[in-house]
Amino acid sequence: MLSKRNKTLPSEVQDPVKKESKQDGISPECKLWVLGNYEYSQGGLVLVKEILEHCAEDKENFSKQLSCRSLGCIMKDVFRDKVRLVQRGPRGSIQRAYLNLQRIKKKQEESDVLPGSSSIFSVLPTINVPNGWHYIKDGTDQVSFIRYESWEFSQQRGITELRVKQTSPQEITLQAKAHGCSVDLKTGLGLEEILSKLPMERHISLATQFIENSHICLGFQLSDCDSVMTMLPHVTGVFQSIAEGEGLIECKQVFAQNCLVLTGPSKICHNCSHLQTVDANRRKRKANQAIVHPACNKRFMTRHDVECQLKREQMARRNAEKREMYWHEKFDNEAIVVEDEDQQDLLKMSGAI
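The shown structure was predicted, so the numbers you read here are calculated from the model rather than taken from an experiment.

**Here we look at the overall build of the protein**
Phase 1 of the analysis: The secondary structure content of the protein amounts to 10 helices and 13 strands.
Phase 2 of the analysis: Per-residue burial over the protein gives 38% buried out of 353 residues.
Phase 3 of the analysis: In the protein, the share of contacts with a sequence separation of at least 24, taken over all contacts with a separation of at least 6, comes to 59%.
Phase 4 of the analysis: When the accessible surface of the protein is summed, it comes to about 22,400 Å², and 51% of that surface belongs to carbon and sulfur atoms.

Structure representation (structure tokens):
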């Protein structure tokens, strides 16, 4: 539920936050577990009850609690319209099931590396990656899996990268990168518990499938003349779509520096959504504030506010000089000149002497 403070935000700011709040029950770990245990199969049928029981039994590799609601959101996000929720069984004992879905048969666990080798390059031929991905070898202990995107950011072709680095013979790190931001899949998204117990080739294959079935965070849009009104670290650049049939669409996009890169259908991660909310709150306060307080320290003002403040101070000095000149002229023109003797009489009459 949104707080009272968020209720006053514009609708264009509230929508991403609402979408993210609807996905609070879906963790990346749940999504990865579904990808690692179930796959699309035409004509297949798996009961919802069986999936939940399977999740409850698999406590060794998966400790999260999967609910029916979370499972439905994950199925819709991963398999789109290929897998449908249906009802099967006789009247009185109808059960819900997913059509065109089957459980992946577990193979005998293989060692993390091929016999006689401890290099990540030895398992590359056995790694199954989705279509459109290819890998580049970086040095002796690092491989980058790359997928080209249909957009440009800051005049650079957009790519989604999975950087795999081997830190020990049986341990690797996974880092997802896009539009100048990066996130560690294990520590940043909480996937270490599942991935660390898999063989190296399965480890990498499942990570690429997870990225393939996730949405890339696109941040939020700014108008050409605006800038982000927050001190939170962020990345700003021109976003341009180069997809066929859409034409050239340019806009100014903003991402949080700690962007999670991967997100759900809302296409904006929690950190970028928080940055957008903070920016919207500051814009609203500035719009409702008539002028900056004269005693406000100029270090905390924007350039526009400082210029306006200096103009007001300059105008106040000019008005003070004009008022002084006006009263001097008024006195010279309208004051009555009296003799000294008359002046003494007036002072005596007024009781000043």
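On we go.
**With respect to helix H9 (residues 303-334)**
Phase 1 of the analysis: The terminal C-alpha atoms of H9 lie 46 Å apart, and with 32 residues this matches the ideal 46 Å at 1.5 Å per residue to within 8%.
Phase 2 of the analysis: Residues of H9 that are buried: Asp305, Val306 and Gln309.
Phase 3 of the analysis: Residues of H9 that are buried sit in contact with helix H8 (270-288).

**Examining the nonpolar core**
Phase 1 of the analysis: If you look at the biggest cluster of nonpolar residues, it comprises 66 residues, and the most contacted ones within it are Ile51, Leu101, Phe145, Leu162 and Leu185.
Phase 2 of the analysis: When residues of this core are assigned to their parent elements, the largest contribution, 6 residues, is made by helix H7 (residues 200-212).
Phase 3 of the analysis: Every residue in contact with Leu162, bar those within four places of it in the chain, is listed here: Trp133, Val143, Ser144, Phe145, Leu174, Gln175, Leu185, Ile204, Ala207, Thr208 and Ile211.

**Details of the pattern of salt bridges**
Phase 1 of the analysis: A complete count under the given rule lists 7 salt bridges for this structure.
Phase 2 of the analysis: For Arg163, the salt bridge identified is with Glu161, shortest N-O distance 3.1 Å.
Phase 3 of the analysis: The class of Arg163 is partly exposed, set by a relative accessible area of 24%.
Phase 4 of the analysis: Judged by relative accessible area, which is 10%, Glu161 ranks as buried.
Phase 5 of the analysis: With its nearest N and O atoms 2.9 Å apart, the salt bridge here joins Arg283 to Asp279. Residue Arg283 and its partner Asp279 are located together in helix H8, separated by 4 residues, close to a single helical turn.
Phase 6 of the analysis: Of the residues examined, Arg283 reaches a relative accessible area of 25% and is grouped as partly exposed.

**Concerning the sheet that holds strand S2 (residues 84-88)**
Sheet strands associate in pairs through backbone hydrogen bonding, adopting either a parallel or an antiparallel arrangement.
Phase 1 of the analysis: Strand order in the open sheet formed by 3 strands is S1-S3-S2, with antiparallel pairing between adjacent strands. Only two strands of the sheet have a single neighbouring strand rather than two, namely strand S1 (38-47) and S2. The average undirected angle you get between the axes of adjacent strands in this sheet is 40°.
Phase 2 of the analysis: Of the pairings in the sheet, the one linking S2 to strand S3 (residues 95-103) comprises 5 bridges and is antiparallel in character. Bridge pairing in S3 places Arg84 opposite Leu99.
Phase 3 of the analysis: Here helix H3 (residues 28-37) sits on the sheet and contacts S1 and S3; the angle it forms with S1, its principal contact strand, is near 100°.
Phase 4 of the analysis: This element, helix H4 (residues 48-57), spans S1, S2 and S3 of the sheet and lies at about 100° to S1.

What counts, and where the lines are drawn
Counting restarts for each chain, with residues numbered from 1 along the sequence as it is written. In view of the model being predicted, local features appear only for residues whose pLDDT reaches at least 70, and side-chain atom pairs are presented and counted only at 80 or more, with totals across whole chains, interfaces and linings using the full set of residues. Side-chain metrics in this entry use all non-hydrogen atoms of the structure; hydrogen atoms and water are not considered. Starting at the N terminus, helices and strands are each numbered in turn, a helix being any DSSP run of H or I of at least four residues and a strand any DSSP run of E of at least two. The classification of residues rests on relative accessible area computed with a 1.4 Å probe and restricted to protein chains. Under 20% of the type maximum is buried, over 50% is exposed, and intermediate values are partly exposed. Here a residue-residue contact requires only that any non-hydrogen atoms of the pair lie within 4.5 Å. To measure how exposed things are, a 1.4 Å probe is used in the Shrake-Rupley method; for residues, cover is taken only from the protein chains shown. Multiplying 1.5 Å by the residue count of a helix minus one yields the expected span of that helix. Residues enter a nonpolar core if they are buried and are Ala, Val, Leu, Ile, Met, Phe, Trp, Tyr or Cys, with the set joined through side-chain atoms within 4.5 Å. The salt bridge criterion pairs a side-chain nitrogen of Lys or Arg with a carboxyl oxygen of Asp or Glu, the two atoms within 4 Å. At least two DSSP bridges between two strands are required for those strands to pair. Fitted lines through C-alpha atoms give the axes, limited to the stretch in contact for helices. The angle between two N-to-C directions lies from 0 to 180 degrees.

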